[in-house]
Amino acid sequence: MCVAVPARVVKVSGYSATVALEDLTWEVRLELLPTAGPGDMVLVHAGFAIEFVDEQEARRMLDLLEEVLGWENAAP
């Protein structure tokens, strides 16, 4: 099963970005969202930011992941 998760862009360098979800940060590629910048919420799948999401949608997605996967305290 493939899962995409929302994360906040923290830093951008060319087509690479650092994104964060809670205390977890990781690097993703921005070829599909070249206009993404710090503060934007993006949906991340397979190492790529694939879609912009708003805060409300991100919270809804994280709530569903908490329910289905047992994740706790996940916040955008």
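Reading guide: rules and limits
Residues numbered from 1 in each chain as written. Predicted model: local features only at pLDDT ≥ 70, side-chain atom pairs only at ≥ 80, totals over all residues. Heavy atoms only, no water. Helix = DSSP H or I, 4+ residues; strand = E, 2+ residues; numbered from the N terminus. Expected span 1.5 Å × (residues − 1). Buried < 20%, exposed > 50% of the residue type's maximum accessible area, 1.4 Å probe, protein only. Arc of directions from axis to C-beta. Salt bridge = Lys/Arg side-chain N within 4 Å of Asp/Glu carboxyl O.

Engineer: Quick question: what am I supposed to make of helix α1 (residues 55-69) here?
Structural biologist: A turn of α-helix holds 3.6 residues, and therefore any two residues three or four places apart point the same way. Here α1 spans 21 Å end to end across 15 residues, near enough to the 21 Å set by a 1.5 Å rise per residue. Every buried residue of α1 is listed here: Ala 58, Met 61, Leu 62 and Leu 65. Relative to the axis of α1, the buried residues are bounded by an arc of 95° and lie together on one face. Across from the buried face of α1, at angles greater than 90 degrees, the exposed residues are Gln 56 and Glu 67.

Engineer: What is the right way to look at the pattern of salt bridges in this model?
Structural biologist: It is possible for side chains bearing opposite charge to pair when their charged atoms get close. In this structure the tally under the stated criterion is five salt bridges. Put simply, Arg 60 and Glu 57 hold a salt bridge, and the shortest N to O gap is 2.8 Å. Residue Arg 60 and its partner Glu 57 are both found in helix α1; the two are separated by three residues, about one turn of the helix. Residue class for Arg 60 comes out partly exposed when judged on its relative accessible area of 44%. Close ionic contact of Asp 63 with Arg 59 constitutes a salt bridge, the shortest N to O distance being 2.9 Å. In this pair, Asp 63 and Arg 59 are both assigned in helix α1, four residues apart and thus about one turn of the helix distant. Owing to a relative accessible area of 38%, Asp 63 belongs among the partly exposed residues under this scheme. Connected via shared salt-bridge partners are Arg 59, Asp 63 and Glu 66.

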